[in-house]
Amino acid sequence: MALSLRWRLTGWYVLLLAGVLLLFSLTTYLAVQRLLTENFDAVLRQQAALVAQAIDEDDGQPSLAQDVWLPDIRDSQHFTRIYRTDRRRSFNSSTVPEPIPELLDAVEVALRGQQHLAQVRLERTTLRVVTLPIVHERQIVGALQVGVALTGIEETMAALLRVLLVLAPATLLAASGGGWFLANRALTPIDQITRTARRISAENLSGRIGLQGPDDEIGRLARTFDSMLARLEAAFVRQQQFTADASHELRTPLTAVIGQIDVALEWPGTLESYRRTLRAVREQVERLTRLTNDLLLLARADGQFLSEPVEPVDLGSILPALVAQVEPLARTRDVALALPPVPSITVPGNEDHLIRLFMNLLDNAIRYTPAGGQVTLGVMCQPGRVGVRVADSGPGIAPEHLPHLFDRFYRVDAGRSRGQGGSGLGLAIAQRIAQAHGGAITVESAVGVGSTFTVWLPTEARGVGRERVAVG
Ligand code: ADP
């Protein structure tokens, strides 16, 4: 099984911290060691110079009556040697319990007039050794070699090492606990999100994470997830409603057809009565066909692009043709139809679907406008878009219905609309077509005055056909 994120986060954190601590300890150790050694050397040189001053000159040869020691290093193990120019020792004293080798290379350097500093590691002691020339009346008469044990520094360094060896793991341990706590704290809301997501299924979309907390990355993730669930739930409810409405709409004409057939079968009738029944059945079947065609179109709108294939559609030619097509219906209903001359304006899109869009609006306007009323078409050109207006002097639509007007199967007055052959899908289809063309439909209406539907379409191909129709 893969390690959980909180383990991995803590692991990386501890590893990183261990590296940083190691680097820090090493640097501290080396820096302290260097500092102490430098101080030690400075004192050693100073003390050696003072000893050199105490050296007598006897017959051109350096000599020291007894070991001269100054308070700074008197207490440490040390040795003093004086060499003559012939490399022989003329003085030797040592408090170091181990034998110290001859350091003739250093003596050579000193006899050449230079100072020499070296570290000598014996079995139990480490010595810092300075060798310097003994000058008498501007003449090098010998070399003085002084060595002092580094015991003090070694003890300090060992103590520092002990502190670091205890402190670093303790810090690491404490920080690991802190890291685990922080990772846990940061990831707990994610577990909550996972649990909620597991609980949610298509049948039960009502679960929400409901995370209370600051507006940080996790908070935003939880809220985005919740709003996505809300949208999904709403879409799912709409889908269920749509299925229920569609079944209901299909059942009504089917029930009527079965009733009429049953009546015809039960009693022997005349040829004329059978004809009447068949005509009535045909009417219902036509309604069913219209309904299934509409449903099919909407189903396609949900899954595909209603504007494809994209071709230039001339509104200047389709609008007059449409008006001519609905003219007979308007005349039958005694509704005056007016279309001022339309200039040639092309919009990119699918001609069949655009004709369907305008036809739905025109058909509604004529059907809902009482006799003696008026339906007027108008075209408005604006930079980048064109608006086609269908205005009527019908009953108007109350404001509370306006937000739902484009919902599937929504009817302001169900009985009246169905009686007029309306399925409640006309405006939903019109809006889907407009959206698929990158456009929109707006509606203004006043009860008792009339309604105006305006279709806005872009005049450039930008976005057309790529605008996916939203679900729901
Ligand atoms: P229908 O097939 O019922 O006409 P639509 O989707 O075309 O369905 O319209 C939805 C509802 O909007 C209609 O039932 C009707 O009540 C109302 N409506 C649409 N157009 C008009 C209009 N021009 N004037 C008044 N009401 C309208």
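Residues numbered from 1 in each chain as written. Predicted model: local features only at pLDDT ≥ 70, side-chain atom pairs only at ≥ 80, totals over all residues. Heavy atoms only, no water.

**Observations regarding the overall build of the protein**
Check the secondary structure of the protein and you find 10 helices and 14 strands. Relative to its length of 472 residues, the protein is extended, with a C-alpha radius of gyration of 51 Å against a globular reference of 23 Å. C-alpha atoms of the protein, sized along the principal axes, occupy 165 × 55 × 35 Å. Sorting the 472 residues of the protein into buried and exposed places 39% on the buried side. The long-range share in the protein, meaning contacts at least 24 apart out of those at least 6 apart in sequence, stands at 65%. As displayed, the protein has an accessible area near 27,100 Å², and 58% of this comes from carbon and sulfur atoms. (Helix = DSSP H or I, 4+ residues; strand = E, 2+ residues; numbered from the N terminus. Rg over C-alpha atoms; globule rule 2.2 N^0.38 Å. Buried < 20%, exposed > 50% of the residue type's maximum accessible area, 1.4 Å probe, protein only. Contact = heavy atoms within 4.5 Å. Areas by Shrake-Rupley, 256 points an atom, 1.4 Å probe, with all protein chains shown as cover.)

**Here we look at the packing of aromatic side chains**
Scanning the model with the defined rule gives two aromatic pairs in all. Measuring from centroid to centroid gives 4.7 Å for Trp7 and Trp180, while their planes differ by 40°, and the two rings are tilted. Linking Trp7 in helix α1 (residues 5-53) with Trp180 in helix α4 (residues 151-199), this pair joins segments that are 173 residues apart in sequence. You can call Trp180 partly exposed: its relative accessible area is 29%. (Phe/Tyr/Trp six-rings, centres within 6.5 Å; stacked < 30°, edge-to-face > 60°.)

**A word on a negative patch on the surface**
Taken together, the side chains of Asp56, Glu57, Asp58, Asp59 and Glu137 make up a negatively charged region of the molecular surface. Examined against the element boundaries, Asp58 turns out to sit in strand β1 (residues 56-58). For Asp58, a relative accessible area of 49% gives the class partly exposed. (Patch = residues over 30% accessible without salt bridge, like charges linked within 9 Å, V, L, I, M, F, W, Y side chains within 5 Å. Salt bridge = Lys/Arg side-chain N within 4 Å of Asp/Glu carboxyl O. Lys, Arg positive; Asp, Glu negative; His and termini not counted. Charge placed at Lys NZ, Arg CZ, Asp CG, Glu CD.)

**Section: the sheet that holds strand β14 (residues 450-458)**
What links the strands of a sheet is backbone hydrogen bonding, and the strands pair in either a parallel or an antiparallel sense. The strand order across the open sheet formed by five strands is β9-β11-β12-β14-β13, and the pairing between neighbours is mixed. What marks the edges here is a single partner per strand, and that holds for β9 (336-338) and β13 (440-446). Adjacent strand axes in the sheet meet at a mean angle of 15°, parallel and antiparallel pairs treated alike. Here seven bridges tie β13 to β14, and the two strands are oriented antiparallel to one another. By the bridge assignment, Glu444 is partnered in β14 with Thr452. Here helix α8 (residues 351-368) sits on the sheet and contacts β9, β11 (374-382), β12 (385-392), β13 and β14; the angle it forms with β14, its principal contact strand, is near 170°. (Pairing = 2+ DSSP bridges. Axes fitted to C-alpha atoms, helices over the stretch in contact; angles between N-to-C directions.)

**Describing the side chain of Asp41**
Tracing the sequence through the fold places Asp41 in helix α1. In terms of polar contacts, Asp41 uses its side chain to reach the side chain of Arg128, at 2.8 Å. (Polar contact = N/O pair within 3.5 Å; in protein donor to acceptor, adjacent residues only side chain to side chain.)

**Notes on α8**
In an α-helix there are 3.6 residues to a turn, and that puts residues three or four apart on one side. Between its terminal C-alpha atoms α8 stretches 26 Å, which fits the 26 Å expected from 18 residues at 1.5 Å a residue. Among the residues of α8, His353, Leu354, Leu357, Phe358, Met359, Asn360, Leu361, Leu362, Asn364, Ala365, Ile366 and Arg367 are the ones counted as buried. (Expected span 1.5 Å × (residues − 1).)

**What to know about the confidence of the model for the protein**
Predicted confidence across the protein gives a mean pLDDT of 87, with 92% of residues reaching 70 or more. Of the regions scoring below 50 in pLDDT, residues 464-472 engages in 30 contacts with residues more than four places distant in sequence or in other chains. (pLDDT = per-residue confidence, 0-100.)

**Details of the sheet that holds strand β3 (residues 78-84)**
Spatial ordering of the open sheet is given by β4-β3-β7-β6-β5, a layout of five strands whose pairing is antiparallel. The strands lining the two open edges of the sheet, one partner per strand, are β4 (89-94) and β5 (116-121). Adjacent strand axes in the sheet meet at a mean angle of 15° when their direction is disregarded. Here β5 pairs with strand β6 (residues 126-136) via six bridges, running antiparallel. Paired with Leu117 across the two strands is Val130, which belongs to β6. Of the strands in this sheet, β3, β5, β6 and β7 (139-149) are in contact with α1, which crosses β6 at around 35°.

**What to know about the nonpolar core**
Judged by nonpolar contacts, the single largest core of 47 residues is most densely connected at Leu354, Leu357, Phe358 and Phe453. A per-element tally of this core places α8 first, with eight residues. Aside from chain neighbours lying at most four places away, what touches Leu357 is Ala430, Ile433, Ala434, Ile441 and Val455. Phe40, Ile55, Ile82 and Val141 belong to the second largest nonpolar core, which has 21 residues in total. (Core = buried A, V, L, I, M, F, W, Y, C linked by side-chain atoms within 4.5 Å.)

**Some thoughts on the pairing of β12**
Burial analysis of β12 places six of its eight residues in the buried class, the great majority of the element. Pairing analysis gives eight bridges linking β11 to β12, with the strands arranged antiparallel. Bridge assignment links Cys381 to a residue of β12, and that residue is Val386. Alignment of β12 against β14, held across seven bridges, turns out to be antiparallel. Note that in β14 the partner of Val390 across the bridge is Phe453.

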